[in-house]
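Structural characterization, general
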Amino acid sequence: MSPPVAPPGWSRWLVPPAALSVHLSIGQAYAWSVFKPPLESALGLSGTQSALPFQLGIVMLGLSAAFGGTLVERNGPRWAMTVALVCFSSGFLLSALGASLEQYWLIVFGYGFVGGIGLGIGYISPVSTLIKWFPDRPGMATGIAIMGFGGGALIASPWSAQMLESFGGDSSGIALAFLVHGLTYAVFMLLGVLLVRVPRTEKPVESGPSVLAGPQVSARSAVRTPQFWCLWIVLCMNVTAGIGILEKAAPMITDFFAESSTPVSVTAAAGFVALLSAANMAGRIGWSSTSDLIGRKNIYRVYLGVGALMYALIALFGDSSKPLFVLCALVILSFYGGGFATVPAYLKDLFGTYQVGAIHGRLLTAWSTAGVLGPLIVNWIADRQEEAGRHGASLYGLSFVIMIGLLVVGFVANELVRPVHPRHHVPAPKEAAHVQRQQSESA
């Protein structure tokens, strides 16, 4: 399935909404923590067990993006968005069946494995297309689309909480909520499938830069460079630090202030998840657009360095001040989202647009690793501390110290990034012929 080539006069500003319709849908993954307490209560699960569908979903996101990146480049964004629609919606339908039958393995398989494939293919589906449409502002362009992934929970979190309140928090209520999610997101993602277009020429902006400007590196060569692996570490560390809070956001804020004079209610905890989603979303467009002005390396210095400081403030003073806890968490999540939105432009700067979608897909294996590390660190340590008789903020102190260390590792890796050696560059005639062939096939 090839996407239609944009007709003369087509506005490139119609492409970001197509990407947003997919990313806002699959961004529901960030609202998973709303389902954790009812699943734990209905099925008798631990915090570590209830995190498994989310963890597996992130693992499959990275793996499907890595293995499907080349297919996305070859078949185009419409094919990728269609695959994402089918897998993501089917994952919810399988999860609904699993909840109805009280078979947790089916929820893990549906939401985590099948839905995770939809996450990965859907996530990378518009990236290379957007960079080709906006060669003059790649950070802003990818930020607009990837903003949707961060903002998905802003819609899904209160929506899911309201459904669970209306349908009930037992297995049948959870099943019905999953069913509604699957059907609704299928319709919404279809808008992106129908709307997406690819540029007619390599210069979609009159007098603008060519999409072929600068060094061009193939995906196969890119993974053999130290720059790729430095960026892999940078992304992995930044994501681990952010996802550790995000996956356990609702129970975490409840634990931190459980013994205070103003404990956090279930509704307020869901609102906190929505606030984190807003920060995640704002960071994706705000920080990625800033990177167009100050450079990718400088913006990652902010993400990793200031992020470590925010974690230190939470660890030291978070349980004594609710505003401080919330503010620091919001900053961390804005850096988390900004890191995702900036990395495609960072890859474009280093490796060019030739196979940036495939390179981006391979880099997202860092997200798979972080999707296991972040929740595992926070949930496993919290479970062990609880078994030892600790409670409240003390459940998370050690986890936060570990996150600070990981951010420092990422900071060092970012400092080691240098321009790619010319020996890895694709010869210009071969590259131009490849682009021309892709466009003629699309037409």
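Conventions and cut-offs
- Residues numbered from 1 in each chain as written.
- Predicted model: local features only at pLDDT ≥ 70, side-chain atom pairs only at ≥ 80, totals over all residues.
- Heavy atoms only, no water.
- Helix = DSSP H or I, 4+ residues; strand = E, 2+ residues; numbered from the N terminus.
- Buried < 20%, exposed > 50% of the residue type's maximum accessible area, 1.4 Å probe, protein only.
- Contact = heavy atoms within 4.5 Å.
- Areas by Shrake-Rupley, 256 points an atom, 1.4 Å probe, with all protein chains shown as cover.
- Lys, Arg positive; Asp, Glu negative; His and termini not counted.
- Charge placed at Lys NZ, Arg CZ, Asp CG, Glu CD.
- Axes fitted to C-alpha atoms, helices over the stretch in contact; angles between N-to-C directions.
- Parallel < 35°, antiparallel > 145°, perpendicular 65-115°, else oblique.
- Left-handed = near helix turned anticlockwise from the far one by under 90°.
- Nonpolar A, V, L, I, M, F, W, Y, C, P; charged D, E, K, R; others polar.
- Expected span 1.5 Å × (residues − 1).
- Polar contact = N/O pair within 3.5 Å; in protein donor to acceptor, adjacent residues only side chain to side chain.
- Bend = angle between axes of the 7 residues up to and from the residue.
- Disulfide = S-S within 2.5 Å.

Counting its regular elements, the chain contains 19 helices and zero strands. The proportion of buried residues among the 443 residues of the chain is 59%. Long-range contacts, defined as pairs at least 24 residues apart, comprise 85% of the intrachain contacts of the chain with a sequence gap of at least 6. On the chain, roughly 16,200 Å² of surface is accessible, and the fraction owed to carbon and sulfur atoms is 67%. Taken as two groups, the 25 positive and 20 negative side-chain charges of the chain have centres that lie 14 Å from each other.

It is worth spelling out the packing of helix α12 (residues 249-256) against helix α13 (residues 266-294) at this point. Interhelical geometry of α12 versus α13 gives an angle of 120° and a closest axis separation of 8 Å. Taken together, the axis directions place α12 and α13 in an arrangement best described as oblique. Of the two elements, α12 crosses α13, and the hand of that crossing is right-handed. Of α13, the residues touching α12 (which contributes Ala 249, Ala 250, Ile 253 and Thr 254) are Ala 269, Phe 272, Val 273 and Leu 276. Of the residues assigned to the contact of α12 with α13, the class counts are seven nonpolar, one polar and no charged.

Right, let's get into helix α14 (residues 296-317). The terminal C-alpha atoms of α14 lie 31 Å apart, and with 22 residues this matches the ideal 32 Å at 1.5 Å per residue to within 8%. Among the residues of α14, those classed as buried are Arg 296, Ile 299, Tyr 300, Tyr 303, Leu 304, Gly 307, Ala 308, Met 310, Tyr 311 and Ile 314.

Once that is clear, we can look at the environment of Arg 296. Within the secondary structure layout, Arg 296 lies in helix α14. Arg 296 sits in the buried class, given a relative accessible area of 10%. Separated by 205 residues in the primary sequence, Arg 296 and Gly 91 have C-alpha atoms spaced 35 Å apart. Those residues in contact with Arg 296 that lie beyond four places of it in its chain are Pro 138, Gly 139, Ser 288, Ser 291, Thr 342, Ala 345, Tyr 346 and Asp 349. Only 2.6 Å separates the side chain of Arg 296 from the side chain of Asp 349, close enough to count as a polar contact.

What follows covers helix α17 (residues 365-387). End to end, α17 covers 33 Å across 23 residues, agreeing with the expected 33 Å (1.5 Å per residue, within 8%). The sharpest bend along α17 measures roughly 25° and falls at Leu 376. Gly 389, located one to two residues past α17, shows a positive phi value of around 95°.

What follows deals with the state of the cysteines. For the structure shown, the criterion picks out zero disulfides. With no disulfide of its own, Cys 236 lies 13 Å from the sulfur of Cys 230, the closest cysteine sulfur.

Its identity as a non-glycine residue notwithstanding, Glu 102 has a phi of 60°, on the positive side. Among the secondary structure elements, Glu 102 is positioned in the loop between α5 (77-101) and α6 (104-124).

Function-wise, these values are silent; they only describe arrangement.
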